[in-house]
Amino acid sequence: MSTSKAVRAIRTARKDKTTSRPSLRILTVGDGDLSGSLALTRAYPGATIVATTLLPSYRDLIRSYPDTAAKIVQELEKVDVVRIVYGVDATQLHLDEKVLQLHVVENGGSPFDLIVFQYPHLGYRGNTEEEEEVTNANNLEDSTCGTDESTTHEQKHSLLLAQYLESARRLLILPHAQLPSQSSRQKWPLLPCIHLCLTRSSVIRWNVIEIAKKLKLELVNGEPLAASRPMLSTILVDQEKLIQEGAKAKHEGPNFSGGSRKGHWLGKYGYRHRPTFPDSTSFETNVSRSFHFFWRLT
């Protein structure tokens, strides 16, 4: 789908439906078994969330994550302000018709406020950060990455990050039906934003800071946020009010076996990071040194 067609799709959708702008709209991408999206709905119950996965169908999701996905989807489907969309490529958001329809029609004629991507990975085993972080999370200075294999791995993931950031940027700047109200701008002046959560070694090895600079994205507050901190504290002025209900409900619903993600604030709401390795999607990383990046458009 070309950019011109994408723009026409938005203009057509604009004519179909106009509603009041919700308080906060979040698009999650590449979310594995969707536990990240579920954790966000629990932590921020006032937000509207579109949860997406690259897997093409519910059946594929269950096949890939047999221990967790069915319960997660069941809970997500009970929440009125949550929508699950399958078969979404995080590097092609601005061209995806499903995303474009939700970008306008079901979101009050406005773009998403926040696009979230946690621990992007191409989903293959080898000399990967995911495996190294499990055993060597606190010894980055001692690690080396000088082989052709690791260099290729890093280049591929740098390209993945660049393609995601560019696609998210292009999605957020597409024409939309109405601008945020003045009160909304005063309430959350840093939105819209593009998000990434990465381990410390991935930040360095995949060169994400330089990639974002080349795309003219501005890092909110000039530095990343430790993943152990409340996730949206960097960008939302009234974050405490938003999470008040979520804090009361954080232990409700399925807890799932395996424990919380170490060092990640959303772990208390049920988030687990499971890389989509074809032979083992039950594998969980245990990484404490991770960071949230929030970029603004310039």
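Source: prediction; values computed, not measured.

### Some points on unusual backbone geometry
Then, in step 1: Each neighbour pair has its own omega, and for Leu191 with Pro192 the value is 5 degrees, a cis peptide bond.
Then, in step 2: The phi dihedral of Tyr119 falls on the positive side, at around 50 degrees, and the residue is not glycine.
Then, in step 3: Secondary-structure assignment places Tyr119 in the loop between β4 (114-117) and α6 (129-136).
Then, in step 4: Using a relative accessible area of 5% as the deciding quantity, one classes Tyr119 as buried.
Then, in step 5: Of note in the backbone geometry, Asn207 takes a positive phi value of approximately 65 degrees without being a glycine.
Then, in step 6: Topologically, Asn207 is positioned in the loop between α9 (200-205) and α10 (208-214).

### Here's the deal with the environment of Thr28
Then, in step 1: As for its placement among the helices and strands, Thr28 is situated in strand β1 (residues 25-29).
Then, in step 2: Ignoring anything within four residues of it in the chain, the contact list for Thr28 reads Ser37, Leu40, Ile49, Val50, Ala51, Thr52 and Val116.
Then, in step 3: Looking at Thr28, its side chain comes within polar contact range of the side chain of Ser37, at 2.7 Å.

### Some points on the confidence of the model for the protein
If pLDDT is low for a region, its predicted coordinates should not be looked at in detail.
Then, in step 1: In the predicted model, the protein carries a mean pLDDT of 74, and 63% of its residues have values of at least 70.
Then, in step 2: The low-confidence segment residues 126-147, where pLDDT is below 50, has 46 contacts with residues more than four positions distant or belonging to other chains.
Then, in step 3: Contacts from residues 243-261, a stretch scored under 50 in pLDDT, to residues over four places away or in other chains number 42 contacts.

### Topic: the pairing of β4
Moving residue by residue along a regular strand, the side chains alternate between the two faces of the sheet.
Then, in step 1: Side chains Leu114 and Val116 project from β4 onto one buried face, and the interleaved Ile115 and Phe117 project onto a second face that is buried too.
Then, in step 2: Here two bridges tie β4 to strand β5 (residues 193-199), and the two strands are oriented parallel to one another. Residue pairing across strands places Leu114 opposite Cys193, the latter belonging to β5.

### Structural notes on helix α2 (residues 35-43)
What sets the pattern is the α-helix's 3.6 residues per turn: residues three or four places apart point alike.
Then, in step 1: Judged by how many residues are buried, α2 sits mostly within the fold: nine of nine residues are covered.
Then, in step 2: Burial in α2 covers these residues: Ser35, Gly36, Ser37, Leu38, Ala39, Leu40, Thr41, Arg42 and Ala43.

### Regarding the packing of aromatic side chains
Then, in step 1: Overall, the coordinates contain four aromatic pairs when judged by the stated rule.
Then, in step 2: A ring pair is formed by Tyr44 and Trp265, whose centres lie 5.9 Å apart and whose planes are at 50 degrees; its orientation type is tilted. Separated by 221 residues along the polypeptide, Tyr44 in the loop between α2 and β2 (48-53) and Trp265 in the loop between α11 (239-249) and β8 (290-297) bring together distant segments of the chain.
Then, in step 3: Owing to a relative accessible area of 0%, Tyr44 belongs among the buried residues under this scheme.
Then, in step 4: Judged by relative accessible area, Trp265 falls into the buried class, the value being 6%.

### So, helix α4 (residues 69-76)
Then, in step 1: If you check which residues of α4 are buried, you get Ala69, Ile72, Val73, Glu75 and Leu76. Seen from one end, α4 has its buried residues packed into an arc of 165 degrees, which puts them on one side.
Then, in step 2: Looking at the buried side of α4, the elements it contacts are α2, α3 (58-64) and β3 (82-86).

Basis of the calculations
- Residues numbered from 1 in each chain as written.
- Predicted model: local features only at pLDDT ≥ 70, side-chain atom pairs only at ≥ 80, totals over all residues.
- Heavy atoms only, no water.
- Helix = DSSP H or I, 4+ residues; strand = E, 2+ residues; numbered from the N terminus.
- Buried < 20%, exposed > 50% of the residue type's maximum accessible area, 1.4 Å probe, protein only.
- Contact = heavy atoms within 4.5 Å.
- Polar contact = N/O pair within 3.5 Å; in protein donor to acceptor, adjacent residues only side chain to side chain.
- pLDDT = per-residue confidence, 0-100.
- Pairing = 2+ DSSP bridges.
- Phe/Tyr/Trp six-rings, centres within 6.5 Å; stacked < 30°, edge-to-face > 60°.
- Arc of directions from axis to C-beta.

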